[in-house]
Amino acid sequence: MSILKIAKLGHPVLHTKALAVKKLPNPSINTLVNDMSETMLDGKGIGLAAPQVHINKQVIVFRAPTEKENEQNTIEITALINPKITKFSNETNDDWEGCLSIPGMTGLVKRYSTITYEGFDMNGNVIKKDAEGLHSRVVQHEFDHLMGIVYISRLADNRAFGFTDEIQEYWKNHYEKE
Ligand code: NI
């Protein structure tokens with residue numbers, strides 16, 4: 001396994017649509033998923049999309065922390081290949097997001113509250129899930145990367161984006177009191 005170099009905002013790969021993976025299982029995809037997982041954990045992220053490591057393929061990894069994870073003190077990582085979001089709730093909500101490609105910064109992002117997504121695991125088995133909360137948010141964020149979209153295009157308020165320490169001082173302390 002290896003830690004991969006992360007593309008930062010400004011690199012064109014972050015604004016390019018990723019291509020579908022054609023064959024599963026596929027040893028090169030297994031290696032990519034393992035390396036992306038290691039890279040995500042190293043960066044203390046909760047999700048990572050292949051374009052962020054300069055690979056133009058529809059592969060994402062993410063953590064959706066569960067109670068089971070807390071109880072067993074383990075980290076569960078989901079790898080999702082060729083994902084599609086098939087249902088969106090009418091309801092949306094705003095919450096703070098960061099991105100390993102935009103280090104040191106934070107933004108308030110509007111997302112659908114619940115979604116249904118589909119895709120494949122590394123063995124080519126179908127994954128289909130309903131997601132809410134952080135799970136729903138992280139999948140939408142990573143799916144956007146595959147479409148060449150970064151979260152700053154989806155800010156709930158143009159002013160609610162900036163360096164994490166300033167946001168903490170001037171937005172979060174205030175926002176969370178309301
Ligand atoms: Ni990101």
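Please read all numbers here as calculations on a predicted model, not as lab measurements. (Residues numbered from 1 in each chain as written. Predicted model: local features only at pLDDT ≥ 70, side-chain atom pairs only at ≥ 80, totals over all residues. Heavy atoms only, no water.)

Caption draft 1: Representation of the overall build of the protein. A count of helices and strands for the protein gives four helices and eight strands. When the helices and strands of the protein are placed in sequence order, the string is α-β-β-α-β-β-β-β-β-α-β-α. A globule of 178 residues ought to have a C-alpha radius of gyration of about 16 Å, and the protein, at 16 Å, matches this closely. By principal-axis analysis of the C-alpha atoms, the protein measures approximately 50 × 35 × 30 Å. A burial count over the protein gives 44% of its 178 residues as buried. For the protein, long-range pairs separated by at least 24 residues make up 64% of all intrachain contacts whose partners lie at least 6 apart in sequence. Within the structure as shown, the protein displays about 10000 Å² of accessible surface, and the carbon and sulfur contribution to it stands at 50%. (Helix = DSSP H or I, 4+ residues; strand = E, 2+ residues; numbered from the N terminus. Rg over C-alpha atoms; globule rule 2.2 N^0.38 Å. Buried < 20%, exposed > 50% of the residue type's maximum accessible area, 1.4 Å probe, protein only. Contact = heavy atoms within 4.5 Å. Areas by Shrake-Rupley, 256 points an atom, 1.4 Å probe, with all protein chains shown as cover.)

Caption draft 2: Here's a closer look at the sheet that holds strand E2 (residues 59-63). In spatial order, the strands read E1-E2-E3-E6-E7; together these five strands make up an open sheet with antiparallel pairing. Only two strands of the sheet have a single neighbouring strand rather than two, namely strand E1 (47-49) and strand E7 (126-132). Direction aside, neighbouring strands of the sheet carry axes that sit 40° apart on average. Alignment of strand E3 (residues 77-88) against strand E6 (residues 114-120), held across five bridges, turns out to be antiparallel. Paired with Phe-88 across the bridge in E6 is Ile-115. (Pairing = 2+ DSSP bridges. Axes fitted to C-alpha atoms, helices over the stretch in contact; angles between N-to-C directions.)

Caption draft 3: Structural detail: the packing of aromatic side chains. Counted under the stated rule, the structure contains four aromatic pairs. Seen from their ring centres, Phe-88 and Tyr-112 are 4.6 Å apart, and the 55° between their planes marks the pair as tilted. Here Phe-88 is found in strand E3, whereas its partner Tyr-112 is found in strand E5 (residues 105-112), with 24 residues between them in sequence. (Phe/Tyr/Trp six-rings, centres within 6.5 Å; stacked < 30°, edge-to-face > 60°.)

Caption draft 4: Focus on helix H3 (residues 133-146). Helix length check: H3 (14 residues) gives 21 Å between terminal C-alpha atoms against 20 Å at 1.5 Å per residue, within 8%. Along H3, 12 of the 14 residues are buried, which leaves the element largely enclosed by surrounding structure. Every buried residue of H3 is listed here: His-135, Ser-136, Arg-137, Val-138, Val-139, Gln-140, His-141, Glu-142, Phe-143, Asp-144, His-145 and Leu-146. At the exit of H3 stands Gly-148, carrying a positive phi of roughly 80°. (Expected span 1.5 Å × (residues − 1).)

Caption draft 5: Local environment of the pattern of salt bridges. Overall, the coordinates contain seven salt bridges when judged by the stated rule. Across the pair Arg-137 and Glu-97 runs a salt bridge whose closest N-O atoms are separated by 2.7 Å. On the criterion of sequence distance, the pair formed by Arg-137 in helix H3 and Glu-97 in strand E4 (residues 92-97) is long-range, its members being 40 residues apart. One exposure class covers both Arg-137 and Glu-97, and it is buried. The closest approach of N and O atoms between Arg-154 and Asp-144, which form a salt bridge, is 2.5 Å. A residue pair is termed long-range when its members are at least 10 positions apart, and Arg-154 in the loop between H3 and strand E8 (161-163) and Asp-144 in helix H3 qualify at 10 residues. (Salt bridge = Lys/Arg side-chain N within 4 Å of Asp/Glu carboxyl O.)

Caption draft 6: How the structure looks around the pairing of E7. Relative to E7, E6 runs antiparallel, the two being bridged by seven bridges. Within E7, the residue paired with Thr-114 across the bridge is Glu-132. With antiparallel pairing between neighbouring strands as the criterion, E6 and E7 make up a hairpin whose turn holds five residues, including Gly-124 at a positive phi of roughly 90°.

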